[in-house]
Amino acid sequence: MSGSAAPRVLLSRSVLMQNAQGLLASSGGVVDLRHDAYGHGLDEVAPIVLEAGASAMRVGSVEEARRLEAAGIPATTDTLPDVDPHRLLGIPDAEGPVSTQPVMSLQGRVLSTKPLHAGEAVSYGYTHRASRDTRVALVTGGYAQGILRALGNRARVQIGEHTHPIVGRIAMDVCVVDLEGADAPVGAPVTYFGGSGAIRDALAQWSAATGLTALEMAVVIGRNGERSWQA
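Our subject in this report is the structure included herewith. As the structure is a prediction and not an experimental result, all values here were calculated from the model.

Some words on the side chain of His86
With respect to the secondary-structure elements, His86 resides in helix 5 (residues 85-89). Separated by 3.0 Å, the side chains of His86 and Asp84 make a polar contact. Sequence-distant contacts of His86, defined by excluding residues within four places in its chain, comprise Ile91, Pro92, Asp93, Val98, Thr100 and Leu215.

Below, the structure is given as structure tokens:
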């Protein structure tokens, strides 16, 4: 899936700056930006964090360090970082949600909706059958974009003001959401995690369901999604 049909990885410059300033205000520090700034994009994150007061960036390769140094950004491959990437990026850690806002959110959209009658199943393998008459939405986002198959029947998304469960197995580029008696227009935004709504810290639940850390999932999603920076 590509172009306008792909889910978007939305990244906020203002949230990143706010998080970084709060963490770096007292003494600066070496910021951990390995793994392409944990999926957020090293070349975009590093200048913002430098402006916020970082003394250097910890990166994963000599090539990355040289690239940043050429842009006037101090970088190192061996100095231990002293800024927690979870708090910098607003990503849940092993204890759960952190106090800072998430920089990254993942947003798909509704492709279509249809009625699903009691007893009918969705997606391949029929791992979910409706217990009552309802309506379901086919939405963009699947395991090719980092929405792991283990999340089928175990995660929720936000459409409008409400959250709804993902039902059935997650496909390569799409999944199915039970609208639970509601409806949604074609093209409506579907938030998987991040932002400021009810689903902002969903990566904590994803971690519990998959056994992966939230940072690991952010790396995969950032590398496979269509990244878009916003103010």
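Remarks on the nonpolar core
Nonpolar side chains in soluble globular proteins generally cluster together in the buried interior. Membership of the largest hydrophobic core comes to 62 residues, with the highest contact counts inside it found for Met57, Leu88, Tyr192 and Trp206. If you look at the next biggest cluster of nonpolar residues, it comprises six residues, including Val122, Ala130, Val136 and Val167.

A few points about the layout of surface pockets
Taken as a whole, the largest pocket holds about 280 Å³ of empty space. What lines the largest pocket is a set of 20 residues, and nearest its centre among them are Ser105, Gly194, Gly195, Ser196 and Gly197. Split into classes, the residues belonging to the lining of the largest pocket amount to eight nonpolar, twelve polar and no charged.

Quick look at the pairing of strand 9 (residues 156-159)
One ladder, built from four bridges, connects strand 9 with strand 10 (residues 162-167); its direction is antiparallel. When the bridges of strand 10 are listed, Val157 appears paired with His164. Counting the residues in the hairpin turn of strand 9 and strand 10 gives two residues, including Gly160, whose phi is positive at 65°.

Comments concerning the packing of aromatic side chains
To describe a pair of aromatic rings, one takes the distance between the centres and the angle between the planes. Tallied over the entire structure, the rule returns two aromatic pairs. Seen from their ring centres, Tyr192 and Trp206 are 6.5 Å apart, and the 80° between their planes marks the pair as edge-to-face. A residue pair is termed long-range when its members are at least 10 positions apart, and Tyr192 in strand 12 (residues 189-193) and Trp206 in helix 6 (residues 202-210) qualify at 14 residues. Across this residue pair, the class does not change: Tyr192 and Trp206 are buried. Ring centres of Phe193 and Trp206 lie 5.5 Å apart, and the angle between their planes is 80°; this geometry places the pair in the edge-to-face category. Here the residue Phe193 occupies a position in strand 12, and Trp206 occupies one in helix 6, the gap between them amounting to 13 residues. An aromatic cluster is built from Tyr192, Phe193 and Trp206, whose rings are joined through pairwise contacts. Looking at Arg149, its charged tip hangs above the ring of Tyr143, at a distance of 4.3 Å from the centre.

What to know about the sheet that holds strand 3 (residues 56-58)
Sheets are built from strands that pair by backbone hydrogen bonding, the pairs being arranged parallel or antiparallel. Taken together, the three strands give an open sheet; going across it, the order is 2-3-4, and neighbouring strands pair in parallel fashion. With partners counted over all chains shown, the strands left at the sheet margins are strand 2 (30-32) and strand 4 (75-76), one partner each. Pairing of strand 2 with strand 3, which is carried by three bridges, proceeds in the parallel orientation. Along strand 3, the bridge assignment pairs Val31 with Met57.

Topic: the pattern of salt bridges
Evaluation of the coordinates by the stated rule reveals seven salt bridges. The closest approach of N and O atoms between Arg34 and Asp32, which form a salt bridge, is 2.9 Å. According to the relative accessible area criterion, Asp32 is buried, its value standing at 4%. For the salt bridge of Asp201 with Arg200, the shortest nitrogen-to-oxygen distance reads 3.0 Å. Here Asp201 matches Arg200 in class, with each residue buried.

Things to note about helix 6
What helix 6 keeps buried is the set Ala202, Leu203, Ala204, Trp206 and Ala209. Those residues of helix 6 hidden inside the fold are in contact with strand 12 and helix 7 (214-224). Taken from the residues just after helix 6, Gly211 is the one with a positive phi, measuring 85°.

Conventions we followed
Residues numbered from 1 in each chain as written. Predicted model: local features only at pLDDT ≥ 70, side-chain atom pairs only at ≥ 80, totals over all residues. Heavy atoms only, no water. Helix = DSSP H or I, 4+ residues; strand = E, 2+ residues; numbered from the N terminus. Polar contact = N/O pair within 3.5 Å; in protein donor to acceptor, adjacent residues only side chain to side chain. Contact = heavy atoms within 4.5 Å. Core = buried A, V, L, I, M, F, W, Y, C linked by side-chain atoms within 4.5 Å. Buried < 20%, exposed > 50% of the residue type's maximum accessible area, 1.4 Å probe, protein only. 1 Å grid on protein atoms, 1.4 Å probe; cavity = no way out; pocket = protein on both sides within 12 Å on 5 of 7 lines; lining within 4 Å. Points joined across faces, edges and corners; volume = space filled by probe spheres on them. Nonpolar A, V, L, I, M, F, W, Y, C, P; charged D, E, K, R; others polar. Pairing = 2+ DSSP bridges. Phe/Tyr/Trp six-rings, centres within 6.5 Å; stacked < 30°, edge-to-face > 60°. Lys NZ or Arg CZ within 6 Å of the ring centre and 35° of its normal. Salt bridge = Lys/Arg side-chain N within 4 Å of Asp/Glu carboxyl O.

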